[in-house]
2 protein chains.
Amino acid sequence: MTAQTHGDIRVEVGLGARSYDILIGEGLITRAGAAIAARLPGVRAAIVTDENVAGHHLDLLRDSLEGAGIAHTGIVLPAGEKTKSFPALEHAVDAVLEARLERGDIVIALGGGVVGDLAGFVAGIVRRGMRFVQAPTSLLAQVDSSVGGKTGINTARGKNLVGLFHQPALVLADTAALDTLSAREFRAGYAEVAKYGLIDRPDFFAWLENNWRDVFSGGPSRTQAIAESCRAKAEIVARDEYETGDRALLNLGHTFGHALEGAVGYDSARLVHGEGVAIGMALAHRFSTRLNLASPDDAVRVETHLKAVGLPTRIADIPGEMPGATRLMDYIVQDKKVSRGALTFILTRGVGRSFVARDVPPSEVLAFLEQQVGP
Amino acid sequence: MTAQTHGDIRVEVGLGARSYDILIGEGLITRAGAAIAARLPGVRAAIVTDENVAGHHLDLLRDSLEGAGIAHTGIVLPAGEKTKSFPALEHAVDAVLEARLERGDIVIALGGGVVGDLAGFVAGIVRRGMRFVQAPTSLLAQVDSSVGGKTGINTARGKNLVGLFHQPALVLADTAALDTLSAREFRAGYAEVAKYGLIDRPDFFAWLENNWRDVFSGGPSRTQAIAESCRAKAEIVARDEYETGDRALLNLGHTFGHALEGAVGYDSARLVHGEGVAIGMALAHRFSTRLNLASPDDAVRVETHLKAVGLPTRIADIPGEMPGATRLMDYIVQDKKVSRGALTFILTRGVGRSFVARDVPPSEVLAFLEQQVGP
């Protein structure tokens, strides 16, 4: 029995020899064994997960692999961003080697973005590259981090500065897993869904404006929204796998967002990644208006939708004291998307009309930030 | 002034978009700046090297980069195999990030195989992949480890179990650097030179039998031997970049060799890698004779040449107590080239007629080893 018989949606990421399927559907974790056995016959597996996710899904996945005759071992890491570190990487690498897995075997990432980024990195470097299956359990991971092959860890100098492009062999997005998320986590993931509309899918954004309630409540629109997000990302990744050009579009809202995350010291009580992206997208639209690229109506429209779903849209929405414009500028300059001193931003000419601007004058950014938060 | 005007030999590694040049010639370290500036204009550099090599060559390389206007930083690691470790990897990664290098900038590996393997890994993972230049200073690195993109570190479970395929953008093999090697180091590197003849270049092996004295004394044959070795390796790597087939031929002598290195606990006073490979190649030919694949004359011929240059050819040549056949078998089974329980060996039908044998019965290997060293 293959996964498709359950009415899953299949999205292909077209990367030549490295192409792979994303399956989106209800209960895919419990059907993972069959889906994997059908595509990757004879493999053994190491499941990398975290303590929180393990409680919800690990036994289901183990049973499913068991049922398909896939020998496996579980590697359970502490939950949280700190797991994207060199010590956790070394620990997970040792555990995979301990299980005597070989190059053709698989590492399965069961969890959110942290687990996926770390497990993908592990898979990319053990024996110079094992195969890799993503089983994303958060909305953010299902629509963003599990697709496209970016893996990595953080260092003292910043987030995601160390890692690899290592494409998965298969992504299994179980929409049932989203029921275990808090409302805040789901909302944060939704920011990345809305992002695809804002980048280059104006019809999708309009559809979200009309259907977001069904997406949030778990109706059929939810699966559709995830599938459309995966299609949007797959299309951009297929055009520019290694981010030498267009893929930077996926960073819409992220330069501002990362600066805000840095400014709160990555304190998730104050701001999680998706919330930073939501504020960042609102800022990117407002900034584009200031530069006379987009109409103020577009910035208002974006802010209205993000607010409607409960996402923050202004720096002042972040609880606690925030630094002024000059300090925020420091965070922006430190961001890895800075190339040779010129600032690269994703700007927009309106909803669904984003573009990569490679020479934004830092003085313009600073003046804009001063307008938002004072000097 | 480009490097070629000095009569360097150029060997191309043909890997499509990842193709690169190997330049082989006298004084290439002092001309590195010009060679890099000509091919990779505008880059900045981090030089990764070790304490021993830094004493001989670091100032020369720095002056050369300086002269070409290439901003650079030096990262000097302790010498020795222990540097191929997670802590050294993290240290070097942090140092490259500290220097604020970007994705288009380069990491230069100045040193032998340890430095090249580590620095290449660093380049492969900082910002998900920086460019990478090899400046190999040992014979082993010039003819083997600097070519083909294998990078990695060791873990408690074994050597090179963690790493990446990350091709350099340029290899600069300065034959003058070989004058700083000890006779023993040079000889050990020569084992890999002879290997290319034994794999699939019988004429090259015959040429080495006639010209090895000039190779060792530093005459023009030395540069020729290095170039021919690079050509041989480049050809195999171009056929099978990720070692899914033919590239395994490069492991001729290595399965036995690794087992012997393991058996002495990687004590380089007793056995260095190239010596292990020399004994391993002699064993592979003797084993092929035992399996009635090759004539005993070939095994004798190989042993005679390796002995002539001063390399060991028998397990008994290793100083100190060695384990028996059963214990050596354990080391072989632990080796990463074991796939699904079947033993993969590089066997031969004679000089220059090696092939990948994927299903060698362990009992045959054990019986052969018992013949060599007792039970």
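Residues numbered from 1 in each chain as written. Chains lettered and ligands numbered in written order. Predicted model: local features only at pLDDT ≥ 70, side-chain atom pairs only at ≥ 80, totals over all residues. Heavy atoms only, no water.

Looking now at the nonpolar core. If you look at the biggest cluster of nonpolar residues, it comprises 56 residues, and the most contacted ones within it are L89(A) and L89(B). Setting aside residues no more than four positions away along its own chain, L89(B) makes contact with F86(A), L118(B), F121(B), V122(B), I125(B) and I153(B). (Core = buried A, V, L, I, M, F, W, Y, C linked by side-chain atoms within 4.5 Å. Buried < 20%, exposed > 50% of the residue type's maximum accessible area, 1.4 Å probe, protein only. Contact = heavy atoms within 4.5 Å.)

Bringing the domain arrangement of chain A into the picture now. Residues and elements named next belong to chain A. By the assigned domains, chain A splits into domain 1 (2-180) and domain 2 (183-373). Placing the centre of domain 1 and that of domain 2 at their C-alpha centroids yields a distance of 26 Å. Every contact between the two is made by 26 residues of domain 1 and, on the other side, 27 residues of domain 2. When the two sides are added together, the surface that domain 1 and domain 2 hide from each other amounts to roughly 2400 Å², 65% of it contributed by carbon and sulfur. It is L139, V143 and K159 that lose the most area in domain 1 upon contact with domain 2, and together they represent 23% of the buried surface on that side. On the surface where domain 1 and domain 2 come into contact, there are five salt bridges. Here K159 ties to E261 by a salt bridge, and the two come within 3.3 Å at their closest N and O atoms. If you look at where domain 1 meets domain 2, you find nine residue pairs in polar contact (both at pLDDT 80 or more). Secondary-structure elements contributing two or more residues to the side of domain 1 that touches domain 2 are β1 (9-13), β2 (20-25), α5 (139-145) and β8 (158-165). The dominant element in the side of domain 1 that touches domain 2, judged by the number of residues it contributes, is α5, at six residues. Among the residues forming the side of domain 1 that touches domain 2, the class breakdown is 13 nonpolar, seven polar and six charged. (Domains from an automatic or database assignment. Buried area = accessible area lost by both parts, 1.4 Å probe. Salt bridge = Lys/Arg side-chain N within 4 Å of Asp/Glu carboxyl O. Polar contact = N/O pair within 3.5 Å; in protein donor to acceptor, adjacent residues only side chain to side chain. Helix = DSSP H or I, 4+ residues; strand = E, 2+ residues; numbered from the N terminus. Nonpolar A, V, L, I, M, F, W, Y, C, P; charged D, E, K, R; others polar.)

A word on the interface of chain A and chain B. Counting residues at the interface gives 37 residues for chain A, matched by 37 residues for chain B. Interface of chain A and chain B: buried area, both sides summed, is about 3200 Å²; carbon and sulfur atoms make up 47% of it. Our enumeration of links across chain A and chain B arrives at two salt bridges. Connecting chain A to chain B are 14 residue pairs in polar contact (both at pLDDT 80 or more). At the level of elements, α3 (86-98), α4 (113-125), β7 (150-155) and β8 of chain A are the ones that each hand at least two residues to the side of chain A that touches chain B.

Once that is clear, we can look at the confidence of the model for chain A. Per-residue confidence for chain A gives a mean pLDDT of 94; residues scoring 70 or more make up 97%. Across the predicted assembly, pTM comes out at 0.93 and ipTM at 0.92. (pLDDT = per-residue confidence, 0-100.)

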